[in-house]
Amino acid sequence: PDMIFILNHRGDILAAQGDVQGVIGYSRDELRGKNLSELCKMDSTASPGDPACLLPFLQRFQEARKEDRIIKDYSITVRTRRGEIRYLELNGNGIYSPLGKFLSICVVARDVSLRKRLQDRIDYLRQLNEKILNSLREGMLVLEVPALRLLNVNRSFLDAFRLVES
């Protein structure tokens, strides 16, 4: 689900729309006035609410403002009210007065947690598969049938036929 945040130049939330409560567990009223960085999951050395997680986004936004462009696909990790970790992808654009004066930042935040978890799982399984395949003492060749396209080969197979990995 998508959420929309209206932020000031420091990252303070002026308004929130969309399924904010369903995704991160906070009501729109609770978020108003908070800095978006307060939701960021920080490492153990950072203090809660440390704007360090949003700083690169805000810096990129300032640069984008000069060139009148949109910020796309910036990712942050947030901790929900229930303590769960969620991954959000942010896309931001400036909101300006009719005279061109900067007013605020409109950020569309998409919850990509499921996609991230699935990609992490795929990467883990790929690495595991490669470890298992390369730990076999017997040569092994994996082909896709009926095209007979080579999918994978282990080191023992390469060594047996004096082939190089490429």
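Got a minute to help me understand the pattern of salt bridges in this structure?
Note on pairing: side chains with opposite charge can pair once their charged atoms come close. One pass over the full model with this rule turns up ten salt bridges. Lysine 116 is the partner of aspartate 120 in a salt bridge, and the nearest nitrogen-oxygen pair spans 3.1 Å. Here lysine 116 and aspartate 120 lie together in helix α4 (residues 113–135), a separation of four residues that amounts to about one turn. Taking relative accessible area as the criterion, aspartate 120 reaches 35% and is therefore assigned partly exposed. Here lysine 116 falls in the partly exposed class, since its relative accessible area comes to 32%. Aspartate 123 is paired through a salt bridge with arginine 126; the nearest N and O atoms lie 3.9 Å apart. Taken together, the residues aspartate 123 and arginine 126, both in helix α4 and three residues apart, mark about one turn of the helix. Looking at aspartate 123, the relative accessible area reads 31%, which means it is partly exposed. Among the charged side chains, a network of salt bridges with common partners joins Arg82, Glu84, Arg86 and Asp111.

Reading the values: the criteria
Residues numbered from 1 in each chain as written. Predicted model: local features only at pLDDT ≥ 70, side-chain atom pairs only at ≥ 80, totals over all residues. Heavy atoms only, no water. Salt bridge = Lys/Arg side-chain N within 4 Å of Asp/Glu carboxyl O. Helix = DSSP H or I, 4+ residues; strand = E, 2+ residues; numbered from the N terminus. Buried < 20%, exposed > 50% of the residue type's maximum accessible area, 1.4 Å probe, protein only.

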